[in-house]
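Working through the structure, step by step
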Amino acid sequence: MDEGNTRARSSIRLHKELSAIWDAPPGWGRLAAVNHTTIGKRFMLTAFVFFLIGGLLGMLIRAQLATSGSAFIGAPIYNQIFTMHGTIMMFLFAIPMFEGFAIYLLPKMLGARDMAFPRLTAYGYWCYLFGGSILIVALLAGVAPNGGWFLYTPLNSQPYSPGINADIWLLGITFVEISALSAAIEIIVSILRLRAPGMSIERMPIMAWYLLVTAFMMLFGFPPLILGSILLELERAFDLPFFDPTRGGDSLLWQHLFWLFGHPEVYIIFLPAAGAVSMMIPTFARHELVGYRSVILAVMAVGFLSFGLWVHHMFTVGIPHLALAFFSAASGLVAIPTAVQLFSWIATIAQGRPRFDVPMLYLGGAFVVFILGGLTGVMLAMVPFNFQAHDTHFVVAHLHYVLVGGFVFPLLAATYYWLPHITGRMARHSVSVPAFWLLFGGFNLTFFIMHLTGLLGMPRRVWTYPEAAGWDIFNLISSVGSFVMAAGFALFAVDIVLQLRFGERFRRNPWRARTLEWATPTPPPSYAFASLPVISDRADRLDPDRIGPELAAGRGYLGAARNGWMETLGVDIASGEPREVVILPRPTYLPLFTALATGAFVLCLLFKAYALSIVPLLVVLGLFLAWTVSSGSRRDLEDLPIAPGKTAPPHWQVERPPSWWAMSFTLTADGVFFASLLFGVLFLRVVSPDWPASQGPVLDLRLALPAIAAAGLAALAGRHAVRRLLSGRPLAVALVACAGAHLAAMALLVAMIVALGDPTVHANRATIFALLAFAALHAALGMIFAAFGLWRERSGLLSPARSVDLRIGAMWHGASAVVVTIALLFAWIGSAP
Ligand code: HEM
Ligand SMILES: [Cu+2]
């Protein structure tokens, strides 16, 4: 028998064995899927459906604005429609589309078999679906949010928006955001830890850098928004006056918290798309990306800078001149790293031997549109011009040029580029080119005109305008343009369907790309790679056509099925040396059930059934604990063979497995959240005019100091338990002491909250209430962590070698002590007589 034949047979056997382990069950079992390929596709498909809904709303807006005095939709519905259009596009389309894209592609680009926390991926998807559905149902029921996608107060405060509309935004979007935050943590950990052996951090494909920076931006950008949403919901539901200027609050606090998120958000949308461009251009230019390192630096610079720009959305609210000058200059500055990327793309094309294909056509359109949007962006960053154009259709034109040029067109290019990977078929391209010209022409017709109507003074967010204004002809052209664009999207959809039905099949790598995702079979099997590649060069200089068959034959790492385990490799963050075998969880309904319970909790809050909401909350907690039942091992294992002559321990036996990193980044997000809260407290104390210097409540130090001591004790006991575990001594007493100390801290904090009196009388009390409640929550969760450690120990899941569960708990106990101390310090300063 010849060698090729044996190899083919053995690779088929390997394929069967791995499929048996990795494939989700059929039928209803699909709901239990946790695999990144499946969930990634679901994310993208769902995001696309939301895009269609959002686009439909955009068409309705344009239909209404086509002529003056139109009677098509009245003001109340118009308000809901433009608010939902913006909300859907930003939160339910752009971000989830990026998440789905990352979830589908990342492991394949990095040479891994899945993301680090597959059940979390699935949970995130269900949360997104349910949260998004709440918003759509509200739209159909006519109670959708109607105060603009940035939900400014006081318009969206209780007195001016008494209905349920704003609550739906606050709760529904927070639901979706929490899932995005968990995706961000998962993306960071997967990029840092789950790569092919030998893929050092300097060898990562450029996309991984973009996604890493984006995920970090989400880690820092979303907590302020989540905090703002919670505070506003607390104000709406319980009258805590954080934003009410008559009781020491300040509407501008909302704007700061919102734009602290909102400005980075546009880069969170733009960067993944730019990453896709940086992957596609080298393929079509047949030349590696010019200035790979400069691009990485530029992307990081964008990440940093974008957090210093939020005030440029607030130039007209009346802020000091110096601040205006600073934020204006800083806003102009982001043009530099953006230009670095543009020049790198141009240089790549110039140095290569460019080949033309449909994705390149769409990229060309993206360049033109994005550059125009960038230019109007620099205009808007100039304060005097901003005062003129603020809240006119000029801004609407600018934002669509940036979003469509920076996200939608690259996404269309990426669809043509990567869809063959998903389907295993090549696009037909028969209607792709006319579709492009309709889209490109229609887009410019729609939005270029808006610069003019804006300069002529047409405000945004008005449902109609008088004929005397003289804007009719422009608006009509703009509306016609939007229908041309819609025809383009329809043609694009037809093109995709044609590809799915009639596209030519191919085996792998149709574009002759040089990155790893093309080394999988197409469509990819659920385990992505039958064995994992060894990378000895930069990951954009590989040869998928050679690597692919080798991996399929099981010649790489982990090229055999073992114990029915879903395995992938964990590597050293910097060097990419293999460190551990990461054993991933099997398909399960738990994420779905947990998301359902979370949704029930959100609905309880929405309908103000606060007492009832305890039930789903406890169910959520219980289900999360149930997730951990199947993880870990009851005995220490020998190192496992991973390749001829090489072994590595299972992940629960190493010092810093993915879960340890996940906890670190969760605490980072928690820290950002806390810092935003402290910022809010300081902001109100310093800026708000109606802030009594002395008549605030007095924090009782006889309660505060013991609370700090108890929280510190909990942290010490937690660390002590770890030390005892590592030296093989019994540790139950230490953990019980830890839980007890948390309980004491919590009780003291609650006592202080009660002693505070009515938190609705003044923002001073409301902020102290928020600080104390945040600290109490940390103590309560600390008790759960201690109990969890105790339960793991009783179940025999801990040993000196398997200590990570306990060390994760100890991280929380430490963080909780810091939070309690700082919160009480701030509360005490604010309450000093
Ligand atoms: C599909 C074609 C689209 C059309 C015809 C369209 C049309 C419009 C119009 C006319 C407005 C102004 C509403 C007003 O001021 O009353 C608007 C606002 C907005 N659009 Fe679009 N749009 C489209 C696509 C997009 C995309 C792809 C995004 C983002 C990814 C987006 C994000 C927004 C946002 C954030 C607003 C501001 C909403 C607000 O003021 O609350 N749009 N759109
Ligand atoms: Cu901005």
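Reading the values: rules and limits
Residues numbered from 1 in each chain as written. Chains lettered and ligands numbered in written order. Predicted model: local features only at pLDDT ≥ 70, side-chain atom pairs only at ≥ 80, totals over all residues. Heavy atoms only, no water. Helix = DSSP H or I, 4+ residues; strand = E, 2+ residues; numbered from the N terminus. Rg over C-alpha atoms; globule rule 2.2 N^0.38 Å. Buried < 20%, exposed > 50% of the residue type's maximum accessible area, 1.4 Å probe, protein only. Contact = heavy atoms within 4.5 Å. Areas by Shrake-Rupley, 256 points an atom, 1.4 Å probe, with all protein chains shown as cover. Donors = N, O, S within 2.8 Å, 3.2 Å for Na, K, Ca; no water. Near = heavy atom within 4 Å. Polar contact = N/O pair within 3.5 Å; in protein donor to acceptor, adjacent residues only side chain to side chain. Nonpolar A, V, L, I, M, F, W, Y, C, P; charged D, E, K, R; others polar. Core = buried A, V, L, I, M, F, W, Y, C linked by side-chain atoms within 4.5 Å. Expected span 1.5 Å × (residues − 1). Arc of directions from axis to C-beta. UniProt positions renumbered as here; feature names shortened; annotations may be inferred. Salt bridge = Lys/Arg side-chain N within 4 Å of Asp/Glu carboxyl O. Axes fitted to C-alpha atoms, helices over the stretch in contact; angles between N-to-C directions. Parallel < 35°, antiparallel > 145°, perpendicular 65-115°, else oblique. Left-handed = near helix turned anticlockwise from the far one by under 90°. Lys, Arg positive; Asp, Glu negative; His and termini not counted. Disulfide = S-S within 2.5 Å. Pairing = 2+ DSSP bridges.

Quick look at the overall build of the protein
Check the secondary structure of the protein and you find 23 helices and four strands. Its C-alpha atoms give the protein a radius of gyration of 28 Å, within 12% of the compact-globule value 28 Å for 833 residues. By principal-axis analysis of the C-alpha atoms, the protein measures approximately 90 × 75 × 50 Å. Here the protein holds 833 residues, and 60% of them are scored as buried. For the protein, the proportion of contacts with a sequence separation of at least 24, taken over those separated by at least 6, is 82%. Of the roughly 31300 Å² of accessible surface on the protein, a fraction of 70% belongs to carbon and sulfur atoms.

Topic: the coordination of the copper ion (ligand 2)
Here the copper ion (ligand 2) is held by the protein donor atoms His 263 (ND1), His 312 (NE2) and His 313 (NE2), which lie 1.6 to 2.0 Å from it. Each donor residue of the copper ion (ligand 2) lies on one chain, and together they are spaced H-x48-H-H. With His 263 in helix α7 (residues 251-285) and His 313 in the loop between α8 (292-305) and α9 (321-333), the pair connects residues that are 50 residues apart, well separated along the chain. Residue His 263 is classed as buried on the basis of its relative accessible area of 5%. Taking the relative accessible area as the measure of exposure, His 313 reaches 23% and is therefore partly exposed.

Focus: the site of ligand 1
By nearness alone, 22 residues border ligand 1, and Tyr 78, His 85, Trp 149, His 400 and Arg 461 come closest of all. A distance of 2.7 Å is found between a nitrogen atom of ligand 1 and a side-chain nitrogen or oxygen belonging to His 400. A distance of 3.0 Å is found between an oxygen atom of ligand 1 and a side-chain nitrogen or oxygen belonging to Arg 460. In terms of residue count, helix α3 (residues 75-110) provides more of the shell around ligand 1 than any other element does, six residues in total. When grouped by side-chain class, the residues that make up the shell around ligand 1 number 14 nonpolar, five polar and three charged.

What to know about the nonpolar core
Ranked by size, the top nonpolar core spans 265 residues in total, and within it Tyr 362, Phe 409, Trp 418 and Leu 772 carry the most contacts. Contacts of Tyr 362, omitting those with residues within four sequence positions, involve Phe 409, Leu 412, Ala 413, Tyr 416, Ser 432, Ala 435, Phe 436 and Leu 439. Val 722, Leu 731, Ala 734 and Ala 810 belong to the second-largest nonpolar core, a separate cluster that totals nine residues.

A few points about the environment of Trp 812
Relative to the helices and strands, Trp 812 is located in helix α23 (residues 804-831). By relative accessible area, Trp 812 is classed as buried at 6%. Beyond its immediate chain neighbours, meaning those up to four positions away, Trp 812 contacts Met 663, Leu 667, His 778, Leu 781, Gly 782 and Phe 785. Reaching out from Trp 812, the side chain makes a polar contact with the backbone oxygen of His 778 at a distance of 3.2 Å.

Quick word on the environment of Leu 476
With respect to the helices, strands and loops of the structure, Leu 476 is situated in helix α15 (residues 472-502). Taking the C-alpha atoms as reference, Leu 476 lies 61 Å from Ile 12; in sequence the two are 464 residues apart.

Here we look at α9
The first and last C-alpha atoms of α9 sit 18 Å apart over 13 residues, in line with the 18 Å expected at 1.5 Å per residue. Buried residues of α9: Leu 324, Phe 327, Ser 328, Ala 330 and Ser 331, and no others. Looking straight down α9, one finds its buried side chains confined to an arc of 165 degrees; they lie on one side. Relative to its buried face, α9 has exposed residues pointing more than 90 degrees away, namely His 321, Leu 322 and Phe 326. On its buried face, α9 sits against α10 (335-351), α11 (358-381) and α12 (383-389).

Concerning the UniProt feature "domain: Cytochrome oxidase subunit I profile" (unreviewed entry) in the protein
Under the UniProt annotation, "domain: Cytochrome oxidase subunit I profile" (unreviewed entry) lies at residues 16-536. Span residues 16-536 is 68% helix and 0% strand, its end C-alpha atoms 29 Å apart.

A few points about the pattern of salt bridges
Counted under the stated rule, the structure contains 19 salt bridges. A salt bridge links Arg 247 to Asp 244; the shortest N-O distance between them is 3.1 Å. Pair check on accessibility: Arg 247 and Asp 244 agree, each one buried. Between Arg 794 and Glu 793 there is a salt bridge, with its nearest N and O atoms 2.9 Å apart. Judged by its relative accessible area of 61%, Arg 794 is exposed. The partly exposed category is assigned to Glu 793, whose relative accessible area is 22%. Several salt bridges converge on common partners, so that one network encompasses Glu 288, Asp 537, Arg 538, Asp 540 and Arg 541.

Remarks on the packing of α3 against helix α4 (residues 118-140)
Between α3 and α4, the shortest axis-to-axis distance is 12 Å and the interhelical angle comes to 165 degrees. Taken together, the axes of α3 and α4 are roughly antiparallel relative to one another. As α3 runs across α4, the sense of the crossing is left-handed. Across the interface between the two elements, Gln 80, Met 84, Ile 88, Leu 92, Pro 96 and Ile 103 from α3 touch Thr 121, Tyr 128, Gly 132, Leu 135, Ile 136 and Leu 139 from α4. Within the contact of α3 with α4, the residues separate by chemical class into nine nonpolar, three polar and no charged.

Some details on the side chain of Glu 235
Here Glu 235 shows up in helix α6 (residues 206-238). In this structure Glu 235 is buried but unpaired, with Arg 247 as the nearest side chain of opposite charge at 6.1 Å. If we skip the residues at most four places from it in the chain, Glu 235 touches Ser 157, Leu 240, Pro 241, Phe 242, Phe 243 and Asp 244.

With respect to the state of the cysteines
By the definition in use, this model includes zero disulfides. Cys 127 provides the cysteine sulfur closest to Cys 604, a residue in no disulfide bond, and the two sulfurs are 15 Å apart.

Observations concerning the pairing of strand β3 (residues 640-643)
As judged from the three bridges shared by β3 and strand β4 (residues 646-648), these two strands associate in the antiparallel manner. Bridge pairing in β4 links Ala 643 to Lys 646. Taking the residues between adjacent antiparallel strands as the criterion, β3 and β4 are bridged by two residues, where Gly 645 takes a positive phi near 80 degrees.

Some details on the pairing of strand β1 (residues 566-571)
Burial analysis of β1 places six of its six residues in the buried class, the great majority of the element. Inspection of the sheet shows β1 paired to strand β2 (residues 578-584) by six bridges, in the antiparallel sense. Looking at the pairing, Thr 568 lines up with Val 582 of β2.

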